[in-house]
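Topology and contacts: notes
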Amino acid sequence: MIDPISGIFAYSFLRHATEAAFLSSISCGIIGAYIVARRMVFISGGITHASFGGIGLGYFLGLNPLLGAAFFSILTALGIRLASKRSEIREDSAIGILWSLGMAIGIIFIFLTPGYAPNLMTYLFGSILTVTPIDLYLMAGLAVFTLLLFTVFYRTILFISFDEEYARSHNAPVETVNYLLLALVALVIVLHIRVAGIILVISYLTIPQTTANIFVSDLKKIMFLSVIISFLGSMSGLIISYYLNIPSGATIIFVFVLIFLVARLFKSLQTRGHMQRSLQDGA
Amino acid sequence: MTKLLQLTNVSAGYDREVVLRDVNFAVNERDFIGVIGPNGGGKTTLIKIILNLLNPLQGTVERFGATNGSFTGYLPQQSHIDKKFPIRVLDIVLSGLMSEKNRFERYSVADKQKVMDLLRRMGIENLALRTTSELSGGQLQRVFISRALIASPKLLILDEPNTYVDNRFESDLYELLSELNKNMAIMIVSHDVGTISYFVKTIACVNRTLHYHLSNVITEEQLTAYNCPLQIITHGDVPHTVLQKHDHHHD
């Protein structure tokens, strides 16, 4: 008799899903912590949705839709920054415009493409169960690159993120680092559209990080803990979705939020206990 | 006296607006300059020029003996800082050594020891591993002063240092600055003309241009002549050495 846990790993698509969960936890855990620390959640949402334009273009031209998405997301990321820097447009307004423009382009191209777009839903909602070996290689490359970048340049990135002006007064390469990381954010988003879908990918970049931030408030520790929470959440979600026969992406996010709520509750109980004890000590 | 900095015919501004015109100004070793002037008069612009954060529209800025960023130590106004950013006190202070480090170079134990020594001097060594969200405004201010000092700058620039500081630390701060002034020039931007005048040696009035006043005593008439109106904060009976009452009993 095979026990239920190892039973589900007998299928290769589940093995792939596990590997995908592991790799996405590393990239999304680290990059998400950077996004949350710098308050870049909205720009990340904009990049994610604008990439739909690239998916539509990919369908229309018969190319890999993710290639189009990568192109669109990087273009959007740079476009938002340049528009808010070089002109009078404020950043959040620029995000709103490019967000909807990307989606509109996507809808038009998909409409113009003859026939039915069979796996369009995969790009909207994602499916960790359909990742291919090629996806996994790309995700592995991205995870290794992200890990290396943040190991070697951690403090430079940290100092620039915390106080750009001060970093500039010390001749730090502020613009280079900002644009490089923005492009990396765009790439992480695109590669995880496969896993989580356009609609849900932002959850991988924000929920584990916010949960980690309940317990630790140093960027490096938030990154580390986010990776762990993300992996545990993805795996639990995957297993639950398999046995309840419900969509994996949505289940994983549900588990992320559940972990967040439990953590929040635990923390507030702990704080209350602390306060009561110190009140008693004071008496 | 060795000259550290020379601004010659400097004009500066943003977009289409010129904020400062024809500024001629020098800072020498061991100067202690109070920078005063109305809001929007160009105090912060002057500092950005000195820190090389802004290029002048006209004129030249010369820094003597400057090899890298450690030429100036800078305490910014706290308003532009994200106080919930997840960073430890130790790292904030280490960032003051940024320009001395190669991008690949790690921060050493000696660097961290230097941070701890400074924090001890500021009375906050117990906060080294805390993060910004756990600190009060006054504690954060001490952290930023430590960051400005860690690279032993030749010129220390403080932008409104007394905004977030409690009264007790304020007197400590001025004592500290007087001591630091033995080794470095200091420029301090402040609204609180009364208090800084005890400590500064000279006063720079900044309003669209710069008038340099070679004393820490200045009269209201002189301020008017410099086109430098100020909202004077009165402290009850505390005497204002900076604003000598003009003697109206002329014969």
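All values reported here derive from a predicted model rather than from experimental measurement. (Residues numbered from 1 in each chain as written. Chains lettered and ligands numbered in written order. Predicted model: local features only at pLDDT ≥ 70, side-chain atom pairs only at ≥ 80, totals over all residues. Heavy atoms only, no water.)

1. Quick word on the pattern of salt bridges
Between side chains of opposite charge, pairing is possible as soon as their charged atoms come close. Residue and element names in this part refer to chain A. Rules: Salt bridges are defined as contacts in which a side-chain nitrogen from Lys or Arg sits within 4 Å of a carboxyl oxygen from Asp or Glu. Only runs of H or I of at least four residues qualify as helices and only runs of E of at least two qualify as strands under DSSP, and these elements are numbered from the N terminus. Burial classes follow relative accessibility: with a 1.4 Å probe on protein chains only, a residue under 20% of its type's maximum area counts as buried, one over 50% as exposed, and anything between as partly exposed.
This model, assessed by the stated rule, comprises 15 salt bridges over all chains. Taking the shortest distance from any N to any O, the salt bridge between Glu-164 and Arg-38 comes out at 2.7 Å. With a gap of 126 residues between them, Glu-164 in helix α9 (residues 164-169) and Arg-38 in the loop between α2 (12-37) and α3 (41-61) connect regions that are remote in the sequence. On the basis of relative accessible area, Glu-164 is assigned to the partly exposed category, the value being 28%. Within this structure, Arg-38, Lys-85, Glu-164, Arg-168 and Glu-175 form a network of salt bridges that share partners.

2. A closer look at the environment of Arg-15 of chain A
Among the secondary structure elements, Arg-15 of chain A is positioned in helix α2. Separated by 67 residues in the primary sequence, Arg-15 of chain A and Leu-82 of chain A have C-alpha atoms spaced 42 Å apart.

3. Some points on the sheet that holds strand β5 (residues 72-75) of chain B
All names here are of chain B. The condition is simple: If DSSP finds at least two bridges between two strands, the strands pair. Every angle, taken between N-to-C directions, lies between 0 and 180 degrees, and every axis is a line fitted to C-alpha atoms, over only the stretch in contact when it is a helix. Residue contacts follow a heavy-atom distance rule, with two residues in contact if any of their heavy atoms lie within 4.5 Å.
Strand order across the open sheet formed by 6 strands is β5-β6-β7-β3-β8-β9, with mixed pairing between neighbours. Each end of this open sheet is capped by a strand with a single partner; those strands are β5 and β9 (209-213). In this sheet, adjacent strand axes meet at a mean angle of 15° when their direction is disregarded. Pairing between strand β6 (residues 155-159) and strand β7 (residues 185-189): 5 bridges, direction parallel. Residue pairing in the sheet places Ile-157 in a bridge with Met-187 of β7. Along the sheet face, helix α1 (residues 43-50) touches β3 (32-36), β5, β6, β7, β8 (202-207) and β9 and points at about 150° away from the line of β6.

4. Brief notes about the layout of surface pockets
Residue and element names in this part refer to chain A. The following threshold applies: Cavities and pockets were defined on a 1 Å grid built over protein atoms only: a cavity is a set of grid points that admits a 1.4 Å probe from which the probe cannot escape, a pocket is an open set flanked by protein on both sides within 12 Å along at least five of seven lines, and lining residues are those with an atom within 4 Å of any such point. Grid points are joined across faces, edges and corners, and a volume is the space filled by probe spheres set on the points. Residues were grouped as follows: Ala, Val, Leu, Ile, Met, Phe, Trp, Tyr, Cys and Pro as nonpolar; Asp, Glu, Lys and Arg as charged; and all remaining residues, including Gly, as polar.
Taken as a whole, the largest pocket holds about 610 Å³ of empty space. Along the walls of the largest pocket sit 15 residues, with Arg-81, Lys-85, Glu-91, Glu-164 and Arg-168 positioned nearest its centre. Mapped onto the lining of the largest pocket, the elements with two or more residues apiece are α4 (65-86), α9 and α10 (174-215). With 5 residues, the top contributor of residues to the lining of the largest pocket is α10. Across the lining of the largest pocket, the residue classes tally to 5 nonpolar, 2 polar and 8 charged. Space inside the second largest pocket adds up to approximately 450 Å³. What lines the second largest pocket is a set of 23 residues, among which Phe-150, Thr-151, Val-152, Tyr-154 and Lys-220 lie closest to the centre. For the lining of the second largest pocket, the secondary structure elements donating two or more residues are α2, α7 (133-152), α8 (154-162) and α11 (219-244).

5. Quick word on the sheet that holds strand β4 (residues 58-63) of chain B
All names here are of chain B. Taken in spatial order, the 3 strands line up as β2-β1-β4 in an open sheet, and their pairing is antiparallel. The two strands at the open ends of the sheet, each matched to only one other strand, are β2 (17-28) and β4. Going across the sheet, the axis of each strand differs from the next one's by a mean of 15°, ignoring polarity. With 5 bridges joining them, strand β1 (residues 3-14) and β4 adopt antiparallel strand pairing. If you follow Leu-5 over to β4, its bridge partner there is Arg-63. Docked against the sheet, α1 engages β1, β2 and β4, running at close to 125° with respect to β1.

6. Some thoughts on the interface of chain B and chain A
The condition is simple: Once two parts are put together, the accessible area they lose, assessed with a 1.4 Å probe and summed over both, is termed the buried area. Polar contacts, as used here, are pairs of N or O atoms within 3.5 Å; protein pairs need one atom able to donate a hydrogen and one able to accept it. Residues neighboring in sequence count only if both atoms are side-chain atoms.
Between chain B and chain A, the residue contacts involve 33 residues of the former and 26 residues of the latter. Across the chain B/chain A interface, buried area totals approximately 2,800 Å², and carbon plus sulfur atoms make up 59% of it. Counting the surface chain B buries against chain A, the share from its top three residues, Phe-85, Pro-86 and Arg-103 of chain B, is 24%. Here chain B is connected to chain A by 5 salt bridges. Between Arg-39 of chain A and Asp-82 of chain B there is a salt bridge whose closest N-O contact spans 2.7 Å. Inspection of the chain B/chain A interface yields 9 residue pairs in polar contact (both at pLDDT 80 or more). For the side of chain B that touches chain A, the elements supplying multiple residues, two or more each, are α2 (89-94) and α4 (137-149) of chain B.

By themselves these figures say nothing about function.
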